Structures are given as C-alpha cells and as structure tokens.
Amino acid sequence: DIINALLNVKYNVALEKEIDCFFHIGIDEMIGMKDMDVCTIFANTIDNAIEALRDVPPEKRKLSVKARYAPNGYFTYEIVNAKVNKIIEKKGAFLTGKEDQKSHGFGIASVRETVEKYNGMLDISYTEEEFRVVILIRV
C-alpha cells in the first residue's frame, strides 16, 4: 500500500508538471525487500527525473518507469527520462546542479546504497537527450 501511495503521488506530481508519463509496475508478489528500500529506489529516482525534466520543453517531457518482480526471484527496475541538462560526474558520483549543493545530491547515493545492501546491480547511463537507471536485484 505504501508503494502504491508513493507512486500515485509521484505520478500526479509529474502530470502537474506536464510530463508525459508511462508507469508499468508489477511487483505485487514481491517478497524479500523491505517496503522502505523499494520506496527509496522509486522516490529518489522519480524525484531526480522530475527535477531534470523541469528544464526540458513541455512537448519533450517524457518519463518511463518500469518495475517487475519475476517468479524467478528477480526485481527489475528501469527509469528513463528526457533531459537537456549537463551531467556532472566526479569520481563515480553524480553531482547536483542545484545552487544549494550541501542539501542536495544524495538521491543516487541512497539508491546505490540500497542496491548494494541486496547485492544487486545498478547501471546508470545517459546521452545528450536521455538519462537511464537500471536496477537488478535477486530477492
């Protein structure tokens, strides 16, 4: 229930910001991960995507979130958003482009920590137009 509530809030925030959203979530039967850890992944990555999309022209604002729990025990997650901002990376960490850098920039680190807690895989890639986060965890 808490994950559904979180996703509904994030989806509505995205729609308010004129973001073309596609959410496809199938994790009803998932066991082995704490709800708070799943919320950490969803909340941080979706918040980062919405933040990045604010600079994208409204007609190009796209966000796709896919999550699935397969019967073989794997949780897969992919989030892709359009982007125009430059990605700032230093020593494998992504730096915030916000003025108040001391209070921001912890989202991806929290996601990475959560994925490592479950010995999962985190892949982050980007182009000039798109940012993608893929997570695979055996639970």
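Whatever comes next refers back to the structure up there.
Residues numbered from 1 in each chain as written. Predicted model: local features only at pLDDT ≥ 70, side-chain atom pairs only at ≥ 80, totals over all residues. Heavy atoms only, no water.

Peer 1: Mind showing me how you'd approach the pairing of strand β7 (residues 130-138) here?
Peer 2: Two faces make up the sheet, and in a regular strand the side chains alternate between them. Of the two faces of β7, only the one carrying Phe 131, Val 133, Ile 135 and Ile 137 is buried; Glu 130, Arg 132, Val 134, Leu 136 and Arg 138 on the other face are not. Sheet topology note: the strand β6 (residues 121-126)/β7 ladder contains six bridges and is antiparallel. Across the sheet, Tyr 126 pairs through a bridge with Phe 131, a residue of β7. Linking two consecutive strands that pair antiparallel, namely β6 and β7, is a turn of three residues. (Buried < 20%, exposed > 50% of the residue type's maximum accessible area, 1.4 Å probe, protein only. Helix = DSSP H or I, 4+ residues; strand = E, 2+ residues; numbered from the N terminus. Pairing = 2+ DSSP bridges.)

Peer 1: When you look at the side chain of Thr 45 in this model, what are you seeing that I'm missing?
Peer 2: Summarising the element assignment, Thr 45 is placed in helix α2 (residues 35-53). One polar contact links the side chain of Thr 45 to the main-chain carbonyl oxygen of Ile 41, over a distance of 2.7 Å. A distance of 3.3 Å separates a polar atom in the side chain of Thr 45 from the backbone oxygen of Phe 42. Dropping the residues within four chain positions of it, Thr 45 is found in contact with Tyr 77, Ile 79, Val 111 and Val 133. (Polar contact = N/O pair within 3.5 Å; in protein donor to acceptor, adjacent residues only side chain to side chain. Contact = heavy atoms within 4.5 Å.)

Peer 1: Explanation requested: the packing of α2 against helix α3 (residues 107-117) in the structure shown.
Peer 2: Any two packed helices are characterised by how steeply their axes cross, that is the angle between the axes, and by the distance between the axes. Their axes nearest at 9 Å, the elements α2 and α3 cross at an angle of 150°. As far as their axial angle goes, α3 and α2 are roughly antiparallel. Our pair here, α2 against α3, has a crossing hand that is left-handed. When α2 is examined against α3, the residues Asp 37, Thr 40, Ile 41, Asn 44, Thr 45 and Asn 48 are found in contact with a partner set consisting of Gly 107, Ile 108, Ser 110, Val 111, Thr 114 and Lys 117. Tallied by class, the residues present in the contact of α2 with α3 amount to three nonpolar, seven polar and two charged. (Axes fitted to C-alpha atoms, helices over the stretch in contact; angles between N-to-C directions. Parallel < 35°, antiparallel > 145°, perpendicular 65-115°, else oblique. Left-handed = near helix turned anticlockwise from the far one by under 90°. Nonpolar A, V, L, I, M, F, W, Y, C, P; charged D, E, K, R; others polar.)

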